[in-house]
2 protein chains.
Amino acid sequence: MRADAQRNRKRVLEVALETFAAEGLSAPVAEIARRAGVGTGTVSRHFPTKDALSEAIVLHLVSEIVVRARELAATRDPGTAFFEFFALMVEQIAVNRGLSQAMSGSGFDVEAVAFDPERNLLTVEEGLLAGARKAGAVRPDITRADVKALMVGCLAREQHALDPQARKRMIDVACAGLRAQRQP
Amino acid sequence: MRADAQRNRKRVLEVALETFAAEGLSAPVAEIARRAGVGTGTVSRHFPTKDALSEAIVLHLVSEIVVRARELAATRDPGTAFFEFFALMVEQIAVNRGLSQAMSGSGFDVEAVAFDPERNLLTVEEGLLAGARKAGAVRPDITRADVKALMVGCLAREQHALDPQARKRMIDVACAGLRAQRQP
DNA sequence: ATCCAAGCGGGACGAGTATCCCGATTGTGC
DNA sequence: GCACAATCGGGATACTCGTCCCGCTTGGAT
């Protein structure tokens with residue numbers, strides 16, 4: 001691959017990351033091209049479709065989160081690891097409008113991307129959840145889908161106010177719900 | 001208004017309700033016209049824009065929910081009233097894809113519609129929440145936006161499985177979080 | 001039965017967007 | 001330097017929708 005092509009590819013990726021984070025997934029490809037200082041043709045040559053572009057970005061972000069999740073799993077007791085992971089996910093995704101949309105379902109399928117063997121977020125997540133369940137830190141009937149749904153709830157909170165205190169409160173409420181035993 | 005015009009208006013409203021519930025808010029107007037057996041012109045004459053159509057529908061649904069919420073407020077103790085209202089909202093909205101989208105923010109503004117004086121969902125909701133807070137049934141720092149965010153979370157759960165048991169569990173988890181006191 | 005305005009159907013139009021294509025340009029091996 | 005293939009830019013194309021318009025139809029009052 002020619003050096004300029006490599007530069008352009010990297011630049012498009014960076015700009016797309018920023019743009020999707022700021023404007024959401026509906027940002028036009030032409031806008032990304034403009035900001036990156038290239039033509040639309042250059043974008044679509046490197047990433048044949050818009051989905052291919054978003055996937056490349058998400059793949060990168062997910063792989064970063066997986067690293068931090070593994071650290072948590074290794075250095076904390078099961079309960080703490082799980083709840084810190086929950087907060088970490090929400091904090092990371094909350095500042096990225098594109099990721100929020102993807103999580104909330106109005107976008108492409110994050111799960112499909114997350115199945116990539118080397119970066120398997122799902123496995124780490126399941127491991128953290130299983131550990132927390134076993135340690136009695138979360139109710140035994142909670143599933144991964146429940147956890148994700150609560151994350152989406154925390155992210156939805158951002159629509160009303162970008163108040164960090166409100167975000168913390170939501171995370172706290174969600175975690176309290178996961179922890180509590182079933183009501184009699 | 002001529003009798004046939006009245007009939008058509010009603011039919012369009014009914015079909016649009018079903019269609020938005022089943023397909024979501026992105027269902028084309030032309031599709032609604034087709035199902036209603038009328039031309040697109042007929043739809044846009046009765047409802048000048050697509051938003052006007054969705055608003056008419058939401059207005060109707062909200063007014064129904066408000067009636068039931070007022071009943072709850074009148075016949076239950078504050079805590080029970082609030083939690084049953086929470087479950088009621090989720091159950092009602094979960095079966096309507098259009099409403100779910102509107103709640104999750106990827107649509108028009110439900111809050112604006114809900115401000116309609118005679119059908120003020122917000123007031124009832126705030127009243128139920130205040131009552132529950134005062135009775136010590138929910139943590140004192142919870143706001144209406146927090147409650148809505150948790151509802152969105154419960155609705156997000158539906159994307160993975162339409163399992164009624166999972167829905168109940170999510171509602172239970174969310175309510176437990178609202179109830180619990182802040183972690184030390 | 002007649003008339004005519006209210007109402008209707010559905011095609012025209014325009015906006016927004018992703019994708020493809022091709023003539024112009026530029027990096028790179030020799 | 002030179003040649004040429006890889007790469008680029010951005011206009012052309014195709015598609016989906018919402019909204020508007022206009023010639024035809026029909027309800028309902030007389």
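Values in this document were obtained by computation on a predicted structure and should not be read as measured data.

### A word on the interface of chain A and chain B
Think of interface size as the accessible area that goes away when the parts come together; that is how it is often given.
Piece 1. In this complex, chain A contributes 30 residues to the contact, which on the side of chain B involves 30 residues.
Piece 2. Both faces combined, the contact of chain A with chain B buries some 2,500 Å², and carbon together with sulfur accounts for 61% of it.
Piece 3. At the boundary of chain A with chain B, the tally comes to 6 salt bridges.
Piece 4. A salt bridge links Asp172 of chain A to Arg139 of chain B; the nearest nitrogen and oxygen atoms lie 2.8 Å apart.
Piece 5. There are 10 residue pairs in polar contact (both at pLDDT 80 or more) connecting chain A and chain B.
Piece 6. Going through the elements one at a time, α9 (144-156) and α10 (164-179) of chain A are the ones with two or more residues in the side of chain A that touches chain B.

### Concerning the packing of helix α5 (residues 78-94) of chain A against α10 of chain A
Residues and elements named next belong to chain A.
Piece 1. Axis separation between α5 and α10 bottoms out at 11 Å; the angle between their running directions is 145°. You can see that α5 and α10 cross each other, and the crossing is right-handed. Taking contact as the criterion, the partners of Phe82, Phe83, Phe86, Ala87, Val90, Glu91 and Ala94 in α5 are, on α10, Arg167, Lys168, Ile171, Ala174, Cys175, Leu178 and Arg179.
Piece 2. Broken down by class, the residue content of the contact of α5 with α10 amounts to 10 nonpolar, no polar and 4 charged.

### Points about the packing of aromatic side chains
Piece 1. For the structure on display, the rule yields 2 aromatic pairs over all chains.
Piece 2. For the ring pair Phe82 of chain B and Phe83 of chain B, a centre distance of 5.3 Å and an interplane angle of 70° mean the geometry is edge-to-face. We note that Phe82 of chain B, like Phe83 of chain B, is buried.
Piece 3. Looking at Arg179 of chain A, its charged tip hangs above the ring of Phe83 of chain A, at a distance of 4.2 Å from the centre.

Analysis parameters
Residues numbered from 1 in each chain as written. Chains lettered and ligands numbered in written order. Predicted model: local features only at pLDDT ≥ 70, side-chain atom pairs only at ≥ 80, totals over all residues. Heavy atoms only, no water. Contact = heavy atoms within 4.5 Å. Buried area = accessible area lost by both parts, 1.4 Å probe. Salt bridge = Lys/Arg side-chain N within 4 Å of Asp/Glu carboxyl O. Polar contact = N/O pair within 3.5 Å; in protein donor to acceptor, adjacent residues only side chain to side chain. Helix = DSSP H or I, 4+ residues; strand = E, 2+ residues; numbered from the N terminus. Axes fitted to C-alpha atoms, helices over the stretch in contact; angles between N-to-C directions. Left-handed = near helix turned anticlockwise from the far one by under 90°. Nonpolar A, V, L, I, M, F, W, Y, C, P; charged D, E, K, R; others polar. Phe/Tyr/Trp six-rings, centres within 6.5 Å; stacked < 30°, edge-to-face > 60°. Buried < 20%, exposed > 50% of the residue type's maximum accessible area, 1.4 Å probe, protein only. Lys NZ or Arg CZ within 6 Å of the ring centre and 35° of its normal.

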